[in-house]
Amino acid sequence: MRKFTILILFTVICCGPSEDEIQLIIDEAIEDTSETTTTTTVPLTTTTTSSTTTTTVANSPTTTTSSTTTTTVANSPTTTTSSTTTTTVANSPTTTTSSTTTTTVVLSLDYPQLIISEVSTSIPEYNRDDWNHWIDENGDCQNTRHEVLIEESFESVTYTNDTNCSVSTGKWFGNYTGQYYYNASEIEIDHFIPLKNAHQSGGYNWSSTKKEEFANYRLDPDSLIAVSSSANRSKGAKSPDEWKPTNNEYWCEYAYDWIRIKDYWNLTATQAEWDALVSMIESCPEGFAYADAQQEPVVELPNPTTTTSSTTTSSTTTVASSQPDNPGDTKNCGDFANYSEAKSWFDIYFPYYGDVANLDGDNDGVPCESLSGAP
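Predicted model only: the values in this text are computed from it and were never measured.

1. Side note on the overall build of the chain
Phase 1 of the analysis: When you go through the chain residue by residue, the secondary structure sums to nine helices and nine strands.
Phase 2 of the analysis: Buried residues in the chain amount to 40% of all 375 residues.
Phase 3 of the analysis: Within the chain, contacts between residues separated by at least 24 positions form 73% of all contacts whose residues are at least 6 apart in sequence.
Phase 4 of the analysis: Carbon together with sulfur atoms contributes 49% to the accessible area of the chain, which is approximately 19600 Å² in total.

2. Structural notes on the pairing of strand S8 (residues 187–191)
Every other side chain in a regular strand lies on the same face of the sheet, so the side chains alternate between the two faces.
Phase 1 of the analysis: Burial analysis of S8 places five of its five residues in the buried class, the great majority of the element.
Phase 2 of the analysis: Side chains Ile 187, Ile 189 and His 191 project from S8 onto one buried face, and the interleaved Glu 188 and Asp 190 project onto a second face that is buried too.

3. So, the state of the cysteines
Phase 1 of the analysis: Tallied over the full model, the rule gives three disulfides.
Phase 2 of the analysis: With its sulfur 1.9 Å from that of its partner, Cys 252 forms a disulfide with Cys 284. Between Cys 252 and Cys 284, the disulfide has an S-S torsion of 90 degrees and is therefore right-handed. Note that Cys 252 is positioned in helix H7 (residues 251–264) and Cys 284 in the loop between helix H8 (271–281) and helix H9 (339–353), a separation of 32 residues in sequence. In terms of burial, Cys 252 and Cys 284 fall into one category: buried.
Phase 3 of the analysis: Linked covalently through their sulfurs, Cys 333 and Cys 368 form a disulfide whose S-S length is 2.1 Å.

4. Points about the packing of aromatic side chains
Phase 1 of the analysis: Within this structure, the stated rule accounts for 23 aromatic pairs.
Phase 2 of the analysis: Aromatic pair Phe 154 and Tyr 180: ring centres 6.0 Å apart, planes at 75 degrees, arrangement edge-to-face. In this pair, Phe 154 is assigned in the loop between helix H3 (144–152) and strand S5 (158–159) and Tyr 180 in strand S7 (residues 179–183), connecting sequence segments 26 residues apart.
Phase 3 of the analysis: When its relative accessible area of 56% is taken as the criterion, Phe 154 is described as exposed.
Phase 4 of the analysis: Through successive ring pairs, a cluster of aromatic residues spans Trp 131, Trp 206, Phe 214, Tyr 217, Tyr 264 and Trp 265.
Phase 5 of the analysis: In this structure, Lys 171 packs its charged tip against the face of Tyr 180, placed 4.8 Å from the ring centre.
Phase 6 of the analysis: It is Lys 235 that lies over the ring of Phe 192; its NZ or CZ is 4.9 Å from the centre.

5. A short note on the pattern of salt bridges
Phase 1 of the analysis: Enumeration over the complete set of coordinates arrives at nine salt bridges.
Phase 2 of the analysis: The residue Glu 188 makes a salt bridge to Arg 233 at a minimum N-O spacing of 3.4 Å. Placement of Glu 188 in strand S8 and of Arg 233 in helix H6 (residues 229–235) is noted, with a sequence separation of 45 residues between them.
Phase 3 of the analysis: Look at Glu 188 and you get buried, because its relative accessible area is 0%.
Phase 4 of the analysis: Taking the relative accessible area as the measure of exposure, Arg 233 reaches 32% and is therefore partly exposed.
Phase 5 of the analysis: Residue Lys 343 is joined to Asp 347 by a salt bridge in which the shortest nitrogen-to-oxygen separation is 2.8 Å.

6. Brief notes about helix H5 (residues 208–215)
Phase 1 of the analysis: Those residues of H5 that fall on the buried side of the exposure criterion are Lys 211, Phe 214 and Ala 215. Buried residues of H5, seen end-on, are gathered within an arc of 95 degrees and therefore sit on one face of the element.
Phase 2 of the analysis: Residues of H5 that are buried sit in contact with S8, helix H4 (195–200) and strand S9 (224–228).

7. As for the sheet that holds S7
Phase 1 of the analysis: Read from one edge to the other, the open sheet built from three strands follows the order S5-S6-S7, with strand pairing classed as antiparallel. The open sheet is flanked by S5 and S7, the only strands paired with a single partner.
Phase 2 of the analysis: Where strand S6 (residues 167–174) meets S7, four bridges bridge the pair, whose relative direction is antiparallel. Each residue of the ladder has a partner; that of Trp 172, found in S7, is Tyr 181.
Phase 3 of the analysis: The sheet strands contacting H3 are S5 and S6, and the helix crosses S6 at an angle near 60 degrees.

8. As for the nonpolar core
Phase 1 of the analysis: Counting residues in each nonpolar core, the largest one holds 34 residues, and the members touching the most others are Tyr 176, Phe 192, Ile 193, Phe 214, Tyr 254 and Tyr 256.
Phase 2 of the analysis: Elements with a minimum of two residues in this core: H4, H5, S9, H7 and H8.
Phase 3 of the analysis: With seven residues, H7 is the single largest residue contributor to this core.
Phase 4 of the analysis: Ignoring sequence-local partners within four residues, the contact set of Tyr 254 consists of Tyr 176, Phe 192, Lys 235, Pro 240, Trp 243, Pro 245 and Met 280.

9. Notes on the side chain of Asp 220
Phase 1 of the analysis: Inspection of the secondary structure assignment puts Asp 220 in the loop between H5 and S9.
Phase 2 of the analysis: Residue class for Asp 220 comes out buried when judged on its relative accessible area of 13%.
Phase 3 of the analysis: Beyond its immediate chain neighbours, meaning those up to four positions away, Asp 220 contacts Arg 260 and Ile 261.

Cut-offs and rules
Residues numbered from 1 in each chain as written. Predicted model: local features only at pLDDT ≥ 70, side-chain atom pairs only at ≥ 80, totals over all residues. Heavy atoms only, no water. Helix = DSSP H or I, 4+ residues; strand = E, 2+ residues; numbered from the N terminus. Buried < 20%, exposed > 50% of the residue type's maximum accessible area, 1.4 Å probe, protein only. Contact = heavy atoms within 4.5 Å. Areas by Shrake-Rupley, 256 points an atom, 1.4 Å probe, with all protein chains shown as cover. Disulfide = S-S within 2.5 Å. Phe/Tyr/Trp six-rings, centres within 6.5 Å; stacked < 30°, edge-to-face > 60°. Lys NZ or Arg CZ within 6 Å of the ring centre and 35° of its normal. Salt bridge = Lys/Arg side-chain N within 4 Å of Asp/Glu carboxyl O. Arc of directions from axis to C-beta. Pairing = 2+ DSSP bridges. Axes fitted to C-alpha atoms, helices over the stretch in contact; angles between N-to-C directions. Core = buried A, V, L, I, M, F, W, Y, C linked by side-chain atoms within 4.5 Å.

Written out as structure tokens, the structure is:
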């Protein structure tokens, strides 16, 4: 057909066309370039294809026919395919016909998509004291820290004295390091979403009551977890783009838990934070889904059968002969050069006598938080 059209054009140009002949040529060219529209679902890549055919006839109108197919896939680039055919006649008006078809395909992800919002410089400054934590919610003398220690221990705990208020020993698995710990002085309770991060992600606008609820929330077992003191200090208030557990086998669950807890509390994430989470999810074992990371809600447990730390039992390595003398209230935070020095002193006596020097005012296991180096 194209050879035929060219032959006719050559004849027309050489011999001169009549009006009827010109119209016949135009009609044939338009029929030869009929419009087509195709919708295609494509993989998550960007592809653009275009083609153009132009036919010129003297003293005839210009007709352009184009078709465009656009396929949009949620959370992916756009693929556009277009073709254009133009028939041009000198000294004549131009006619253009085009059509566009857009198809959207939604890809289903098995985890929530957090709202992306960068940290604003206009929000109030974070103050840890605004987030009242380690409360004794049920009035049994055990604050949130010790309730979590009891709940997460793999064996019956022991207490520092016969009041059963402060945990001394047990068996805890630190997910951040992939190791077991047996002395409560080695363990800190981590706010999985750090309080400062929650503040910056929208929590700054919460009431005091809601901040307290978040800081002591135990219905989701992953909101507060027992980890090694060193890992908790290393993490601090950092988000996943700034810090990840050294135990990379925990990355998948860590990312899913972070997303779930933030989604539950309607907290936002920065773009860098979200990108890090998605990257960590790529480490998930085959078949491990978002729902698999969520533990069963905590049910209030009765106090287990326990012994005090001064008695040797099968579940503790603490014996009476190794117990140091009670130093009494002989130290203040000002007596230590830095947090590390205060924590070392605190850890010696806490398993036996608790916070005997009142260095840990909020009972979170972190003494002298005002000293340099404190988490």
